[in-house]
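# Descriptive analysis of the structure
Spelled out, the chains give:
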Amino acid sequence: MATTDAVGAPPAVKSDLEDKKASAQQQIDPYNVAGEVDEQGNIKAIDYDRLIQEFGVQPLTEEHLRRFETVTGKKAHRLMRRKLFFSHRDFDKILDAYEQHGTFMLYTGRGPSSGSMHLGHTVPFLFTKELQEMFDVPLVIMMTDDEKYLYTRNKTEGHQKAGVAPEDFLDFAHENVKDILALGFDPMKTFIYTDYEYLGGHFYRNASEFESLVTFNQAAGAFGFGNSTNIGLIAYGAKQCVAAFPSSYPDLFGLKDYRGPDYPPEAKRRHKTLASIPTLIPCAIDQEPYFRILRDRCERMTDPHPKTSLILSKFLTALQGPGGKMSASDPNSAIFMSDTSSQIKNKINKHAFSGGRESLEEHRKLGGNPDVDVAFTYLSYFLEDDEELEDLAKRYRSGELLTGEMKQRCIAELQKFVTDFQERRKKVTDEVMREYMRPRKLEFGGNPSPTKPKAAANGDEGTASSGGAADGEKTAREDGRGTKGERKAAKLAEKKAQKLAQRPKDAE
Ligand code: TYM
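None of the values given here were measured: they were computed from a predicted structure. (Residues numbered from 1 in each chain as written. Predicted model: local features only at pLDDT ≥ 70, side-chain atom pairs only at ≥ 80, totals over all residues. Heavy atoms only, no water.)

Near the ligand lie 24 residues; those nearest to it are Arg-110, Gly-111, Glu-147, Asp-286 and Leu-316. With respect to the ligand, the side chain of Tyr-107 contributes an N or O atom lying 2.8 Å from a nitrogen atom. Met-326 has a polar backbone atom sitting 3.4 Å from a nitrogen atom of the ligand. Within the complex, the protein chains bury 99% of what would otherwise be the 680 Å² of accessible surface of the ligand. Those elements giving two or more residues to the shell around the ligand turn out to be β5 (105-110), α5 (119-135), α6 (145-155) and β8 (279-284). (Near = heavy atom within 4 Å. Polar contact = N/O pair within 3.5 Å; in protein donor to acceptor, adjacent residues only side chain to side chain. Areas by Shrake-Rupley, 256 points an atom, 1.4 Å probe, with all protein chains shown as cover. Helix = DSSP H or I, 4+ residues; strand = E, 2+ residues; numbered from the N terminus.)

With 13 residues, helix α17 (residues 386-398) should cover 18 Å at 1.5 Å per step; its first-to-last C-alpha distance of 19 Å lies within 8% of that length. On its buried side, α17 packs onto α15 (360-366), α16 (374-382) and α18 (403-426). Where α17 begins, the side chain of Asp-385 points an oxygen toward the backbone nitrogen of Glu-387, at a separation of 2.9 Å. One or two steps after α17, the chain reaches Gly-399, where phi turns positive at roughly 90°. (Expected span 1.5 Å × (residues − 1). Contact = heavy atoms within 4.5 Å.)

What follows is about the packing of aromatic side chains. Aromatic ring pairs are defined here through the distance separating the ring centres and the angle between the ring planes. The final tally for this structure, using the stated rule, is 31 aromatic pairs. Relative to Phe-225, the ring of Phe-223 has its centre 5.4 Å away and its plane inclined at 35°; by these criteria the two rings are tilted. The same class applies to Phe-223 as to Phe-225, namely buried. Cluster of aromatic residues (ring-pair linked, three or more members): Tyr-31, Tyr-107, Tyr-151, Phe-223, Phe-225, Tyr-236, Tyr-290 and Phe-291. The ring of Phe-55 carries Arg-292 above its face, with NZ or CZ at 4.6 Å from the centroid. (Phe/Tyr/Trp six-rings, centres within 6.5 Å; stacked < 30°, edge-to-face > 60°. Buried < 20%, exposed > 50% of the residue type's maximum accessible area, 1.4 Å probe, protein only. Lys NZ or Arg CZ within 6 Å of the ring centre and 35° of its normal.)

Closest axis-to-axis distance for the helix α2 (residues 62-72)/α5 pair is 10 Å, and the angle between their directions is 45°. It follows that α2 is oblique to α5 by the angle criterion. Judged by residue contacts, Phe-68, Val-71 and Thr-72 of α2 engage Leu-131, Met-134 and Phe-135 from α5. When its residues are assigned to classes, the contact of α2 with α5 shows 5 nonpolar, 1 polar and no charged. (Axes fitted to C-alpha atoms, helices over the stretch in contact; angles between N-to-C directions. Parallel < 35°, antiparallel > 145°, perpendicular 65-115°, else oblique. Nonpolar A, V, L, I, M, F, W, Y, C, P; charged D, E, K, R; others polar.)

Bringing unusual backbone geometry into the picture now. Despite not being glycine, Lys-83 shows a phi value in the positive range, around 60°. Locating Lys-83 in the fold gives a position in the loop between α3 (78-81) and β4 (85-89). Backbone geometry places Asp-136, a non-glycine residue, at a positive phi of 55°. As for its placement among the helices and strands, Asp-136 is situated in the loop between α5 and β6 (139-143). Overall, Asp-136 belongs to the partly exposed group, its relative accessible area being 22%.

Now for the state of the cysteines. One pass over the full model with this rule turns up 0 disulfides. With no disulfide partner, Cys-298 has as its closest neighbouring cysteine sulfur the one in Cys-241, 8.3 Å distant. Since its relative accessible area comes to 0%, Cys-298 is described here as buried. (Disulfide = S-S within 2.5 Å.)

With that settled, the discussion passes to the environment of Phe-55. Residue position: Phe-55 is located in helix α1 (residues 48-55). Residues Phe-55 and Arg-292 lie 237 residues apart in sequence; the distance between their C-alpha atoms is 8.7 Å. When neighbours within four sequence positions are excluded, Phe-55 is seen to be in contact with Ile-28, Arg-89, Ile-285, Glu-288, Pro-289 and Arg-292.

Here we come to the pairing of strand β9 (residues 309-313). Both faces of the sheet carry side chains from a regular strand, because those side chains alternate between them. Counting buried residues in β9 gives 5 out of 5 residues, a clear majority hidden from the surface. Of the two faces of β9, the one lined by Ser-309, Ile-311 and Ser-313 and the one lined by Leu-310 and Leu-312 are each fully buried. Pairing between β4 and β9: 4 bridges, direction antiparallel. Along β9, the bridge assignment pairs Ser-87 with Leu-312. In this structure, β8 lies alongside β9, joined through 5 bridges in parallel fashion. (Pairing = 2+ DSSP bridges.)

Across the protein chain, the average pLDDT comes to 85, with 81% of residues at 70 or higher. The low-confidence segment residues 1-21, where pLDDT is below 50, has 43 contacts with residues more than four positions distant or belonging to other chains. Between residues 496-508, whose pLDDT stays under 50, and residues either more than four places distant or in other chains, the model counts 21 contacts. (pLDDT = per-residue confidence, 0-100.)

Spatially, the 7 strands line up as an open sheet ordered β3-β4-β9-β8-β5-β6-β7, and their pairing is mixed. Two strands close off the open sheet at either side, each with one partner strand: β3 (58-59) and β7 (190-194). Bridging between β5 and β6 involves 5 bridges; their strand directions are parallel. Across the sheet, the residue bridging to Thr-108 is Ile-141, located in β6.

Take the pattern of salt bridges next. Side-chain pairs of opposite charge can arise whenever the charged atoms involved come near each other. Within this structure, the stated rule accounts for 32 salt bridges. The partner of Arg-397 in a salt bridge is Asp-371, and the shortest N-O contact between them spans 3.2 Å. Within this pair, whereas Arg-397 is found in helix α17, its partner Asp-371 is found in the loop between α15 and α16, the two being separated by 26 residues in sequence. On the accessibility criterion, Arg-397 (44% relative accessible area) is partly exposed. Members of the salt-bridge network, linked through shared partners, are Lys-75, Arg-78, Arg-81, Arg-82, Glu-384 and Asp-386. (Salt bridge = Lys/Arg side-chain N within 4 Å of Asp/Glu carboxyl O.)

Quick look at the structure:
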């Protein structure tokens with residue numbers, strides 16, 4: 001690694017941002033997603049069981065699925081049913097909070113590295129949209145134009161002549177905002193912003209406080225930074241972290257700048273109330289290192305936040321196979337949401353890795369392997385019908401269904417998904433986009449009958465169980481204590497939460 005900068009104390013940390021030498025180890029972090037490379041140079045599939053061990057996250061179990069369906073009264077999304085969202089941190093606690101106190105905030109994001117999102121990027125957003133509908137909760141979506149600018153500059157030798165400007169990434173962000181909105185988020189409950197346009201006020205104050213809680217060594221360890229990483233990128237993580245705090249967005253909860261000159265006397269209490277709203281982050285597991293740093297510091301803020309919950313997905317694989325993720329920086333690995341139907345057809349036919357056999361005869365005799373077949377894998381993300389999916393796998397394994405036929409089915413499904421998307425995308429005008437990006441009070445109902453509406457998530461103050469409640473107004477349901485059965489269920493859930501809280505601290 002070339003770390004010639006005369007910077008003092010921090011040890012030279014091996015950095016993939018600076019050193020692109022192929023590594024034999026599996027590597028997953030926000031800037032690298034690659035399976036292990038074996039001695040023959042073959043890239044292996046990403047080992048998610050190992051990731052669970054290494055990251056110290058928990059697997060999502062059948063029990064979680066059942067509890068989720070009981071709490072929401074609805075069937076879980078296909079991505080959850082099929083364990084493509086496969087792991088979590090404190091997902092149980094978010095369900096507890098919803099049952100007891102009525103609401104939480106959803107937070108996710110996108111780093112606009114190109115003008116069009118690819119199929120893989122739609123995965124967390126499709127899932128988040130469904131969670132928002134099921135729980136009737138507010139959602140913030142962060143567009144990290146600053147991160148992608150800093151990252152691009154960092155990649156460019158010498159950091160001097162990158163040939164890109166912040167505006168380029170702001171433009172990408174706007175295009176991507178339209179992509180995200182075309183997936184259909186509720187305008188009353190959704191706030192979407194780009195860092196270049198929005199950051200300031202309470203957000204910036206939280207970011208500054210959070211920056212003071214993270215050392216260079218900790219950032220270097222989590223993200224693979226080295227002494228030559230630009231200082232913008234080193235500090236960026238704090239912004240992605242505090243974006244999870246409802247207190248970074250007082251407007252969305254009907255509060256003004258309550259540290260400003262017109263600061264009302266009860267403002268401190270209100271800030272604590274806002275800080276007590278828990279957050280759930282749906283994303284792929286590459287983003288987990290940010291939120292590991294976040295979780296270990298939530299409670300050290302002046303106004304402490306409950307530890308953020310996470311629900312984490314696998315990566316929609318690259319067209320070439322399961323050793324890497326679909327990535328915008330390699331156009332042959334990805335199907336873009338702007339691709340035409342014939343581009344989709346050509347990409348799948350030409351590049352999609354097949355789990356079929358060498359010859360037709362062999363395939364008929366021995367059968368194919370859907371687990372590594374890219375066309376089947378894509379169907380498992382986008383085909384709604386569980387029975388059809390199972391049938392395709394069964395017939396592929398038996399040799400009855402051929403690779404070409406599996407690809408045909410995949411092409412048809414993706415063409416439909418992408419062309420429907422493109423139709424909706426056309427309707428997302430600048431005006432529509434700006435409405436979602438306007439800081440304003442969001443309208444959401446949360447759980448209509450929480451069991452403990454008055455107790456706060458941090459046990460301190462009243463929890464903001466709706467936009468109105470955060471504003472100090474009492475809602476009708478805040479006065480109810482719940483039925484006997486509900487109170488009993490709440491006690492059980494609380495016991496469970498206490499048990500969970502006794503687990504070892506997250507690994508740093
Ligand atoms: P970005 O733009 O790399 O990715 C956006 C979201 O898509 C997920 N993702 C994928 N999911 C499935 N299959 C894939 N092949 C795939 N590639 C990417 C990512 O995990 C992410 O959820 N720094 C972030 C932006 C961000 C963010 C957040 C993401 C800011 N705040 C909070 C998640 C949650 C980024 O560059 O994401």
